[in-house]
Amino acid sequence: MSKRILVASFAAFTFFGAFNVPAALAAGPKSFLASVDKDNDGTVSLDEVKAYASARFQALETDKDGTLDAKELKGRLSARGFKAANADADKTIDEAEFLAYVEKLFKEANDNDDTLDAKELGTPAGRKLIKLLK
Ligand SMILES: [Ca+2]
Ligand SMILES: [Ca+2]
Ligand SMILES: [Ca+2]
Ligand SMILES: [Ca+2]
């Protein structure tokens, strides 16, 4: 087996393994870019991601108590992700915590410029970001 095939099958395995949903339902970098890349330059900046994340927070926050609880998040964060995002260790994620965690994932996925491209959105941190904001 060539190295390229090995890498491709490993990538496919980790991609589909990371989400416990059928492939068709897993939002990929392309649909994320289509929603978030408002200036259509093919990449997302932190400003674009945070503007989108803020809108998603409001949309997900259905009981309007100002925070997202596990029920509202509907599996968008793993238990570990929830703990990492929940800076004050209460039972909910407020908007500041949500945006700080979005920024953390953005920086983790990013190389040394200021934007995420489709490839960076395909990294583990990029996929966590997509899952969180879908
Ligand atoms: Ca852009
Ligand atoms: Ca709420
Ligand atoms: Ca909290
Ligand atoms: Ca980048």
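Further up the page is the structure itself.
Peer 1: Go over the overall build of the chain, please, and point to the residues and values.
Peer 2: Summing up its helical and strand segments, the chain has 8 helices and 4 strands in all. When the helices and strands of the chain are listed from N to C terminus, the series reads α-α-β-α-β-α-α-β-α-β-α-α. Sequence-distant contacts in the chain: of pairs separated by 6 or more residues, those separated by 24 or more amount to 51%.

Peer 1: Could you give me a rundown of the nonpolar core, with the residues and numbers involved?
Peer 2: Of all hydrophobic cores here, the largest spans 23 residues; its most connected members are F98, V102, F106 and L129. Elements supplying a minimum of two residues to this core: α2 (29–36), α3 (46–60), α6 (95–109) and α8 (124–133). Ranked by the residues each element gives to this core, the list is headed by α6, at 6 residues. Residues within four places of F98 in sequence aside, it is in contact with A53, F57, L68, A85 and I93.

Peer 1: Which residues make up α2, and what values do they have?
Peer 2: Residue pairs spaced three or four apart in an α-helix point in one direction, given the helix's 3.6 residues per turn. Within the span of α2, buried status applies to P29, F32, L33 and V36. Buried residues of α2 fall within an arc of 100° about the axis and therefore sit on the same side. Residues of α2 that are exposed and angled more than 90 degrees away from the buried face: K30, S31 and A34. Each element contacted by the buried residues of α2 is listed here: β1 (44–45), α3, α7 (118–121) and α8.

Peer 1: Can you explain unusual backbone geometry? Please cite residues and give values.
Peer 2: The phi angle of most residues is negative, glycine excepted, and most peptide bonds adopt the trans form. Here the phi dihedral of N40 falls at roughly 50°; this positive angle occurs in a residue that is not glycine. Along the chain, the position of N40 falls in the loop between α2 and β1. You will see that K64, though not glycine, has its phi angle at about 55°, which is positive. If you trace the backbone, K64 turns up in the loop between α3 and β2 (67–68).

Peer 1: Explain the packing of α3 against α6 residue by residue, including any values.
Peer 2: In the contact formed by α3 and α6, the axes pass within 10 Å of each other and the chain directions differ by 145°. By crossing handedness, the relation of α3 to α6 is classed as right-handed. Taking contact as the criterion, the partners of L46, V49, K50, A53, S54 and F57 in α3 are, on α6, E95, F98, L99, V102, E103 and F106. Across the contact of α3 with α6, the residue classes break down as 8 nonpolar, 1 polar and 3 charged.

What counts as what
- Residues numbered from 1 in each chain as written.
- Chains lettered and ligands numbered in written order.
- Predicted model: local features only at pLDDT ≥ 70, side-chain atom pairs only at ≥ 80, totals over all residues.
- Helix = DSSP H or I, 4+ residues; strand = E, 2+ residues; numbered from the N terminus.
- Contact = placed C-beta atoms within 7 Å.
- Core = buried A, V, L, I, M, F, W, Y, C linked by C-beta atoms within 7 Å.
- Buried ≥ 20, exposed ≤ 12 C-beta atoms within 10 Å, placed from the backbone.
- Arc of directions from axis to C-beta.
- Axes fitted to C-alpha atoms, helices over the stretch in contact; angles between N-to-C directions.
- Left-handed = near helix turned anticlockwise from the far one by under 90°.
- Nonpolar A, V, L, I, M, F, W, Y, C, P; charged D, E, K, R; others polar.

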